[in-house]
Amino acid sequence: MFHKSMKSIAAILMLTLLVAALFGCGGAAPAQPAKEEPAKEEPAAEAPAATEEPAAEAPAATEEAAAEAPAGDKIKVGLSFSDFATERWKNEEELMRKLLEEKGYEVVSQEANHDVKLQNDQIDNMVAQGVKGLIVIAEDGDAASTAVAKAAEAGVKVLAYDRLIKSPDIAAYLSFNNVEVGRQQALGVMKAIDIEGGKWTKDNPLKLVKLGGSPTDNNAILFRKGQDEIVDPYVEQGIIEVVADQWVDNWDAANALSLM
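Residues numbered from 1 in each chain as written. Predicted model: local features only at pLDDT ≥ 70, side-chain atom pairs only at ≥ 80, totals over all residues. Heavy atoms only, no water.

Attention shifts here to the packing of helix α7 (residues 178-192) against helix α8 (residues 218-237). Where α7 meets α8, the axes come as close as 7 Å, and the angle between the chain directions of the two elements is 40°. Of the possible angle classes, the one that applies to α7 and α8 is oblique. The chirality of how α7 crosses α8 is right-handed. Contacts from Asn-178, Val-179, Val-181, Gly-182, Arg-183, Gln-185, Ala-186, Leu-187 and Met-190 in α7 reach Asn-219, Leu-222, Phe-223, Lys-225, Gly-226, Gln-227, Glu-229, Ile-230, Val-231 and Tyr-234 in α8. Class assignment for the residues of the contact of α7 with α8 results in ten nonpolar, six polar and three charged. (Axes fitted to C-alpha atoms, helices over the stretch in contact; angles between N-to-C directions. Helix = DSSP H or I, 4+ residues; strand = E, 2+ residues; numbered from the N terminus. Parallel < 35°, antiparallel > 145°, perpendicular 65-115°, else oblique. Left-handed = near helix turned anticlockwise from the far one by under 90°. Contact = heavy atoms within 4.5 Å. Nonpolar A, V, L, I, M, F, W, Y, C, P; charged D, E, K, R; others polar.)

This is the structure:
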């Protein structure tokens, strides 16, 4: 669990660097410096002759001009999360927000509660609010491409985080080596059941149930690829028998339990 947390933190730090590169190097648009008029010799010579009343008004005029001067608007960055039911996402939302705000960005965050249409609507809404960049953890990598295309057309940079958005309109994609994650998952299980210990044979094969993640999440496909690289040789040898193979919608534990 510790290593998983450290990998997530490392990914978010890399994400912050990508944000700075894609969305702008600083969080605030620089205020335009006031243009200084060159000093005129003639008014300067006449200044001592001015009455006290005009002299008293000068500071007021300066204060008024300072109050009206633009302070520089912060660049808005939108965070679009598929859900907060998955434990990691709320923690990562808080960390992303903290890191981005420390760099001077204004952060707008939304959570779609596993609702594909709602997530697309939220992305459209953030674009309408004037975000310059979007970090998206997509509920459905195919469906999100519609909102991403609109965002890109509006000049918004979209970064797909952890889950691939299947669109040529994304500016970047940041994730883990998910095939290797799948390999390590399978290796852990094989070690735990002592697959090489001699107990499991063709006459006494291990009964294996495969539960894939959400079929709309490309990561789940990559996990399975890595898992199968480890498991398939034992299936071919006949010492593992796959008795069920199903996918779990929305990565929902309740859906997984209903299949058991």
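Here the narrative resumes.
We now examine the confidence of the model for the chain. Within the chain, residue pLDDT values average 81, and 73% of them lie at 70 or more. When the criterion is pLDDT under 50, residues 29-71 qualifies, and its contacts beyond four places in sequence or with other chains add up to five contacts. (pLDDT = per-residue confidence, 0-100.)

Given a rise of 1.5 Å per residue, 15 residues ought to cover 21 Å, and the 21 Å separating the end C-alpha atoms of α7 matches this to within 8%. Considered for burial, the residues of α7 that qualify are Asn-178, Val-179, Gly-182, Ala-186 and Met-190. Along the long axis of α7, the arc covered by the buried residues comes to 125°, so they all point the same way. The outward face of α7, more than 90 degrees from its buried face, is lined by the exposed residues Lys-191 and Ala-192. Looking at the packing, one finds that the buried side of α7 touches β5 (172-174), α8 and β7 (240-247). A positive backbone phi angle near 55° is found at Asp-194, which sits one or two residues after α7. (Expected span 1.5 Å × (residues − 1). Buried < 20%, exposed > 50% of the residue type's maximum accessible area, 1.4 Å probe, protein only. Arc of directions from axis to C-beta.)

Membership of the largest hydrophobic core comes to 20 residues, with the highest contact counts inside it found for Leu-15, Leu-79, Met-96, Leu-100, Ile-135 and Tyr-161. If you list the elements that add at least two residues to this core, you get α1 (2-23), β1 (76-81), α4 (87-102), β3 (133-137), β4 (157-161) and β5. With residues up to four places along the chain from it excluded, the contact list for Met-96 reads Ile-12, Leu-15, Leu-79, Phe-81, Ile-135, Ile-137 and Tyr-161. In this structure, Val-108, Ile-123, Met-126 and Ala-147 belong to the second largest nonpolar core, which totals 17 residues. (Core = buried A, V, L, I, M, F, W, Y, C linked by side-chain atoms within 4.5 Å.)

So, on to the pattern of salt bridges. All chains considered together, the criterion is met by 16 salt bridges. Notably, a salt bridge pairs Asp-162 with Arg-88, separated by 3.5 Å at the nearest N-O pair. With Asp-162 in the loop between β4 and β5 and Arg-88 in helix α4, this pair connects stretches of sequence that are 74 residues apart. On the basis of relative accessible area, Asp-162 is assigned to the buried category, the value being 5%. Between Arg-163 and Asp-217 there is a salt bridge, with its nearest N and O atoms 3.1 Å apart. (Salt bridge = Lys/Arg side-chain N within 4 Å of Asp/Glu carboxyl O.)

What follows is about the pairing of β3. Burial of β3 is extensive: five of the five residues sit out of reach of the surface. Across five bridges, the pairing between β1 and β3 is parallel. Its bridge partner being in β3, Phe-81 is matched across the sheet by Ile-137. Relative to β4, β3 runs parallel, the two being bridged by four bridges. In the sheet register, Gly-133 faces β4, and the bridge partner there is Lys-157. Since β3 and β4 lie parallel, the crossover through helix α6 (residues 144-153) that links them has a hand, and here it is right-handed. (Pairing = 2+ DSSP bridges. Right-handed = clockwise from strand over helix to strand, strands pointing away.)

Here Val-243 shows up in strand β7. Of the residues examined, Val-243 reaches a relative accessible area of 44% and is grouped as partly exposed. With 35 residues separating them in the primary sequence, Val-243 and Leu-208 have C-alpha atoms 5.8 Å apart. Dropping the residues within four chain positions of it, Val-243 is found in contact with Lys-207, Leu-208 and Val-209.

Excluding glycine, most residues fall at negative phi; most peptide bonds, likewise, are trans. Residue Asn-113 is not a glycine yet carries a positive backbone phi of 55°. With respect to the element layout, Asn-113 can be found in the loop between β2 (106-111) and α5 (116-128). Looking at Asn-113, the relative accessible area reads 53%, which means it is exposed. The backbone phi angle of Asp-162 is positive, close to 70°, even though this residue is not glycine.

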